[in-house]
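Breakdown of the fold
One letter stands for each residue in the lines below.
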Amino acid sequence: MLTLIYLIAITAEAMTGALAAGRRNMDIFGVAVIAFLTALGGGTVRDIVLGRFPIGWTQHPEYIYLVLGAGLVAIPLARHIQRLTPLFLFLDALGLVAFTVIGCDVALGMGYATPVVVMAGMITGIAGGVMRDVLCNRVPVVFRQELYASVSLVVAFAFILMVKLGVPQEVGIFTSFFVGVVLRMVALRWQLGLPVFSWQGTSH
Amino acid sequence: MLTLIYLIAITAEAMTGALAAGRRNMDIFGVAVIAFLTALGGGTVRDIVLGRFPIGWTQHPEYIYLVLGAGLVAIPLARHIQRLTPLFLFLDALGLVAFTVIGCDVALGMGYATPVVVMAGMITGIAGGVMRDVLCNRVPVVFRQELYASVSLVVAFAFILMVKLGVPQEVGIFTSFFVGVVLRMVALRWQLGLPVFSWQGTSH
Amino acid sequence: MLTLIYLIAITAEAMTGALAAGRRNMDIFGVAVIAFLTALGGGTVRDIVLGRFPIGWTQHPEYIYLVLGAGLVAIPLARHIQRLTPLFLFLDALGLVAFTVIGCDVALGMGYATPVVVMAGMITGIAGGVMRDVLCNRVPVVFRQELYASVSLVVAFAFILMVKLGVPQEVGIFTSFFVGVVLRMVALRWQLGLPVFSWQGTSH
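In this text, all values refer to a predicted model and were calculated from it rather than measured experimentally.

Looking at helix α5 (residues 85–109) of chain B
Its 25 residues give α5 of chain B an end-to-end C-alpha distance of 36 Å, which sits within 8% of 36 Å, the value for a rise of 1.5 Å per residue. In the segment just after α5 of chain B, glycine 111 of chain B is the residue with positive phi, at about 80°.

Things to note about the UniProt feature "domain: Glycine transporter" (unreviewed entry) in chain A
In the numbering used here, UniProt assigns the "domain: Glycine transporter" (unreviewed entry) feature to residues 5–77 and 90–162 of chain A. For residues 5–77 of chain A, helix accounts for 74% and strand for 0%, while the C-alpha atoms at its two ends are 22 Å apart.

Focus: the interface of chain B and chain A
The interface of chain B with chain A comprises 33 residues on the first partner and 41 residues on the second. Note on chain B versus chain A: buried area summed over both sides is about 3,100 Å², and carbon and sulfur give 71% of it. Remark: the boundary between chain B and chain A carries zero salt bridges. Here chain B is connected to chain A by zero residue pairs in polar contact (both at pLDDT 80 or more). The set of elements that each furnish at least two residues to the side of chain B that touches chain A consists of α2 (28–50) and α6 (114–135) of chain B. A per-element tally of the side of chain B that touches chain A places α6 of chain B first, with seven residues. Of the residues that constitute the side of chain B that touches chain A, the class distribution is 22 nonpolar, nine polar and two charged.

Here we look at the interface of chain C and chain A
Contact residues are listed per partner, giving 41 residues for chain C and 33 residues for chain A. At the boundary of chain C with chain A, total buried surface from both sides reaches about 3,100 Å², with 71% on carbon and sulfur atoms. Considering only the side of chain C, the residues that lose the most area to chain A are Arg23, Asp27 and Phe29 of chain C, jointly responsible for 19% of the buried surface there. Connecting chain C to chain A are zero salt bridges. Contributions of two or more residues to the side of chain C that touches chain A are made by α1 (2–22), α2 (28–50), α3 (61–73), α4 (78–83), α5 (85–109) and α6 (114–135) of chain C. Broken down by element, the residue count for the side of chain C that touches chain A peaks at eight residues, all from α2 of chain C. Within the side of chain C that touches chain A, the residues separate by chemical class into 26 nonpolar, nine polar and six charged.

Things to note about the relation of the copies chain C and chain A
For the pair chain C and chain A, the best superposition has an RMSD of 0.0 Å and corresponds to a rotation of 120° with a translation of 0.0 Å parallel to the axis. The superposition of one copy onto the other is thereby described by a three-fold rotation axis. By C-alpha distance to the rotation axis, the residue of chain C lying nearest is asparagine 137 of chain C, at 4.0 Å. Taken together, the interface assignments show that only 12% of the residues at the interface of chain C recur at the interface of chain A, consistent with different surfaces on the two copies.

Overview of the relation of the copies chain B and chain A
Once turned by 120° and shifted 0.0 Å along the axis, chain B lies on chain A with an RMSD of 0.0 Å. Little of the interface of chain B is mirrored in chain A, where only 15% of its interface residues are also at the interface.

What about the state of the cysteines?
With the rule as written, the count across this model stands at zero disulfides over all chains. Unpaired in terms of disulfides, cysteine 136 of chain B finds its nearest cysteine sulfur in cysteine 136 of chain A, a separation of 18 Å. A relative accessible area of 1% places cysteine 136 of chain B in the buried class.

Observations regarding the environment of methionine 185 of chain C
Residue and element names in this part refer to chain C. Assignment of secondary structure puts methionine 185 in helix α8 (residues 169–189). On the basis of relative accessibility, which here comes to 27%, the residue methionine 185 falls in the partly exposed class. Methionine 185 sits 92 residues away from alanine 93 along the chain, and the two C-alpha atoms are 7.7 Å apart. If we skip the residues at most four places from it in the chain, methionine 185 touches Leu89, Phe90 and Ala93.

Comments concerning the pattern of salt bridges
Counted by the stated rule, this structure contains nine salt bridges over all chains. Aspartate 47 of chain C is paired through a salt bridge with arginine 46 of chain C; the nearest N and O atoms lie 3.0 Å apart. Residues aspartate 47 of chain C and arginine 46 of chain C agree in their burial class; the two are buried. Linked through salt bridges whose partners overlap, the residues forming this network are Arg46, Asp47 and Arg52 of chain A.

Quick word on the packing of helix α1 (residues 2–22) of chain A against helix α5 (residues 85–109) of chain A
All names here are of chain A. Interhelical geometry of α1 versus α5 gives an angle of 125° and a closest axis separation of 8 Å. On the basis of the axis angle, α1 is oblique to α5. At the point where α1 passes α5, the crossing takes the left-handed sense. Counted together, Leu2, Ile5, Tyr6, Ile8, Ala9, Ile10, Ala12, Glu13, Met15 and Thr16 of α1 and Phe88, Leu91, Asp92, Leu94, Gly95, Ala98, Phe99, Val101 and Ile102 of α5 form the full contact between these two elements.

Some details on the UniProt feature "transmembrane region" (unreviewed entry) in chain A
All names here are of chain A. Following the UniProt record, the feature "transmembrane region" (unreviewed entry) maps to residues 63–81, 88–110, 116–135, 147–165 and 171–190 here. For residues 63–81, the end-to-end C-alpha separation is 21 Å, with 79% helix and 0% strand making up the annotated structure. Spanning residues 147–165, this segment combines 84% helix with 0% strand, and its end C-alpha atoms are found 27 Å apart.

Details of the confidence of the model for chain A
Predicted coordinates in areas of low pLDDT are best not read in detail. For chain A, per-residue confidence averages 88 on the pLDDT scale, and residues scoring 70 or more make up 96% of the total. Taken element by element, chain A is modelled with least confidence in helix α4 (residues 78–83) of chain A, mean pLDDT 77, and with most confidence in helix α3 (residues 61–73) of chain A, mean pLDDT 94.

Digging into a nonpolar patch on the surface
All names here are of chain A. On the surface, a nonpolar cluster with roughly 740 Å² of combined accessible area is contributed by Val154, Phe174, Phe178, Val179, Val182, Val186, Trp190 and Leu192. At five residues, helix α8 (residues 169–189) tops the list of elements feeding residues into the nonpolar patch. Within the secondary structure, valine 186 is located in helix α8.

What counts and what doesn't
Residues numbered from 1 in each chain as written. Chains lettered and ligands numbered in written order. Predicted model: local features only at pLDDT ≥ 70, side-chain atom pairs only at ≥ 80, totals over all residues. Heavy atoms only, no water. Helix = DSSP H or I, 4+ residues; strand = E, 2+ residues; numbered from the N terminus. Expected span 1.5 Å × (residues − 1). UniProt positions renumbered as here; feature names shortened; annotations may be inferred. Contact = heavy atoms within 4.5 Å. Buried area = accessible area lost by both parts, 1.4 Å probe. Salt bridge = Lys/Arg side-chain N within 4 Å of Asp/Glu carboxyl O. Polar contact = N/O pair within 3.5 Å; in protein donor to acceptor, adjacent residues only side chain to side chain. Nonpolar A, V, L, I, M, F, W, Y, C, P; charged D, E, K, R; others polar. Least-squares fit on C-alpha atoms with pLDDT ≥ 70 in both. Disulfide = S-S within 2.5 Å. Buried < 20%, exposed > 50% of the residue type's maximum accessible area, 1.4 Å probe, protein only. Axes fitted to C-alpha atoms, helices over the stretch in contact; angles between N-to-C directions. Parallel < 35°, antiparallel > 145°, perpendicular 65-115°, else oblique. Left-handed = near helix turned anticlockwise from the far one by under 90°. pLDDT = per-residue confidence, 0-100. Patch = residues over 30% accessible without salt bridge, like charges linked within 9 Å, V, L, I, M, F, W, Y side chains within 5 Å. Areas by Shrake-Rupley, 256 points an atom, 1.4 Å probe, with all protein chains shown as cover.

Structure below.
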């Protein structure tokens with residue numbers, strides 16, 4: 001079940017990555033790279049930071065085909081993806097939660113301390129989007145928009161808490177999805193964001 | 001032979017990195033850093049992604065001296081390098097092929113699956129240029145110009161195919177160079193590029 | 001003693017990272033991420049490049065709390081931090097030296113060759129600031145301003161030289177701090193910088 005959601009999520013993430021590349025007039029190779037990094041970059045950074053080799057997707061070549069294919073398919077479908085924005089925002093929310101839960105699970109299995117587990121979950125959830133934005137030469141949107149990273153943080157806390165409490169894993173995963181997706185949808189609907197820190201002073 | 005081409009290639013890459021830094025008015029230290037990353041950054045990313053430690057250049061301090069020296073020497077020679085652009089484009093094509101072949105070879109030796117081997121070759125070939133462009137705050141040119149990453153892809157496929165077919169390594173390497181350099185030169189001469197995906201819609 | 005200076009340094013670095021994020025109107029989560037990367041990103045990159053797992057801060061969750069706390073505390077204090085700029089520049093200089101010495105020490109302990117040890121020191125010293133600037137979408141200031149990376153280089157050379165000469169470690173560390181902080185303060189006072197390489201030609 002989690003695997004199925006994960007596959008749907010990396011497909012959706014790859015497609016949104018492709019659209020971002022299109023806005024920078026990249027060629028189809030650039031589209032493929034951005035799609036790949038948006039979908040699998042977060043897990044790659046997590047595995048490197050945790051020292052977990054070989055990295056996940058290197059053992060699953062089918063993921064590589066899936067995200068590259070999704071990125072390229074997004075090109076002729078761009079107009080429709082745009083029209084389906086609400087669906088993609090929902091799939092993206094699913095993906096954010098799935099990535100976060102998987103990231104926490106990996107770090108827990110390696111015996112890391114709780115703050116590191118939380119960070120592993122968040123890195124998995126958001127680093128792909130950050131890499132997409134850096135390569136497209138813009139300030140990462142996850143640092144500036146409606147609750148996104150915060151959703152990942154809440155999900156990570158909820159999931160870890162339930163693991164520590166001995167809640168059955170299925171219940172923990174289901175609750176994480178319920179909390180995370182609802183929170184993200186509510187944030188999008190009413191444009192809830194974190195307070196912004198605007199600072200005009202000079203700095204080093 | 002491959003080693004010699006590799007040394008020429010990292011020297012040329014370091015010099016083009018230095019020129020890119022100069023266009024951003026960096027100080028000579030910045031020039032050295034960009035030169036280093038342009039020349040050795042691709043192999044570094046490849047080794048990290050493949051979990052291959054210690055990283056290549058840490059075992060070859062002479063490579064460090066070579067690329068830093070080349071980067072700094074490029075400063076007084078900038079005008080001449082400009083005039084020698086055709087030569088540098090040729091050296092750059094040699095380097096692209098050499099990096100790709102070496103990257104594939106490393107991943108094959110570690111037993112990775114074919115798609116990962118292809119990616120290892122391409123990462124080695126192009127990640128250095130991507131890092132140069134990100135640090136110089138521009139959208140990476142390898143995603144937007146004449147066939148470049150595509151050449152790396154074709155070379156990777158050709159090299160792996162010949163390895164799998166049991167072709168003698170020298171023949172495989174030579175064929176890869178022939179195909180890759182000719183393809184790149186043809187692309188430059190007639191400005192062949194991949195189709196570009198231009199998308200003006202909003203995206204997430 | 002070195003640990004105490006290290007803790008002061010990561011606190012100060014986290015605060016300057018937070019101010020940089022504020023100038024990009026990031027939300028408080030973005031502020032926390034930039035604070036974290038500015039303070040601990042250099043050590044992270046060093047550990048990855050040296051193949052040293054688990055990465056330092058994953059074994060010290062208290063560092064995570066410290067830098068996130070410092071980043072968030074910087075928000076209400078931004079005006080005062082601005083007024084205290086000379087103090088922060090001094091703390092930043094302390095941090096630059098502390099990071100460099102620690103980075104060299106780690107690489108020496110792993111038996112790397114001298115040029116790699118120098119680079120490990122410099123990566124620890126400056127990579128955090130580079131990541132801050134890339135994520136804030138500007139050309140890294142360490143490549144363009146008063147002597148900064150050069151101070152790290154001089155400190156690395158001095159420290160390694162003293163280790164090789166068998167000077168007692170306390171003396172080596174103290175001398176490194178004296179040389180590094182004085183050099184950085186002098187550079188700031190008289191705006192000493194490295195020569196800049198300005199190049200308007202086209203490049204690849």
